[in-house]
Amino acid sequence: MTDTHPISDRDWMRPTLLVIAAFLLLRLATLLMSGFELTYDEAQYWAWSRELAFGYFTKPGLIAWLIRGTTEICGNGVACVRAPAPILHAAAAWFVFLAARRLYDGRVAFWSALAYMAMPAVSLSSLILNTDVPLMFFWCVGLHATVLFLERASLSRALYLAGTVAIGLNAKYAMVYLPASLLVYFLA
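Summary of the structure given here. (Residues numbered from 1 in each chain as written. Predicted model: local features only at pLDDT ≥ 70, side-chain atom pairs only at ≥ 80, totals over all residues. Heavy atoms only, no water.)

## Here we look at the packing of aromatic side chains
- All chains considered together, the criterion is met by 9 aromatic pairs.
- Each ring, one from Trp12 and one from Phe110, has its centre 5.3 Å from the other, and the planes form 40°; the classification is tilted. With a gap of 98 residues between them, Trp12 in the segment before helix H1 (13–33) and Phe110 in helix H6 (residues 106–118) connect regions that are remote in the sequence. Each of the two residues, Trp12 as well as Phe110, counts as buried.
- Through a chain of ring-to-ring contacts, three or more aromatic side chains come together here, namely Trp12, Phe110 and Trp111. (Phe/Tyr/Trp six-rings, centres within 6.5 Å; stacked < 30°, edge-to-face > 60°. Helix = DSSP H or I, 4+ residues; strand = E, 2+ residues; numbered from the N terminus. Buried < 20%, exposed > 50% of the residue type's maximum accessible area, 1.4 Å probe, protein only.)

Next comes the structure, spelled out in structure tokens:
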């Protein structure tokens, strides 16, 4: 039997936001209750956040800026240093939703965002902070920007995509694979 009142694309926004928020709150609570100390890399990133720069010896600087932002708000505790991880993954899931909704519909978009949030790698990555976390966020934003640009090319959409790649490069240099992949796509 088919449903005579299908849920519209717009109606999928609320359950998506609720699921993302539930995952985010659960992961933030887990960070607060965990007794784990910072890893060596996280401690190094925290030290970098005391002296902000656009890059450091081995990594671009965005991770230090993220840590600085959260530690300025809630202090230098382990949970505050790691807080950008679950926040960025929640935001990434939202951009997955937005991209999937443009490509398919609200139902597919909801399940895509849920699948992203529930992936074991994302669950683990939400509890530690490394450069992969902001990279994944900018890849998801880049996916959304790409979908918009391919839908209707315009200067504003091109700038959105280029800006995403530029800031993403300050998260991790592997962001360069997004425009490289797009180039291969356009050539094919």
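## A look at the nonpolar core
- Tyr116 and Phe137 are the most contacted members of the largest nonpolar core, which totals 42 residues.
- Broken down by secondary-structure element, the contributors of at least two residues to this core are H1, helix H2 (40–50), helix H3 (62–74), helix H5 (84–103), H6, helix H8 (132–151), helix H9 (155–169) and helix H10 (177–187).
- Ranked by residues supplied to this core, first place goes to H5 with 10 residues.
- When near neighbours in sequence (up to four residues on either side) are disregarded, Tyr116 contacts His89, Ala92, Ala93, Val96, Val122, Met136 and Cys140. (Core = buried A, V, L, I, M, F, W, Y, C linked by side-chain atoms within 4.5 Å. Contact = heavy atoms within 4.5 Å.)

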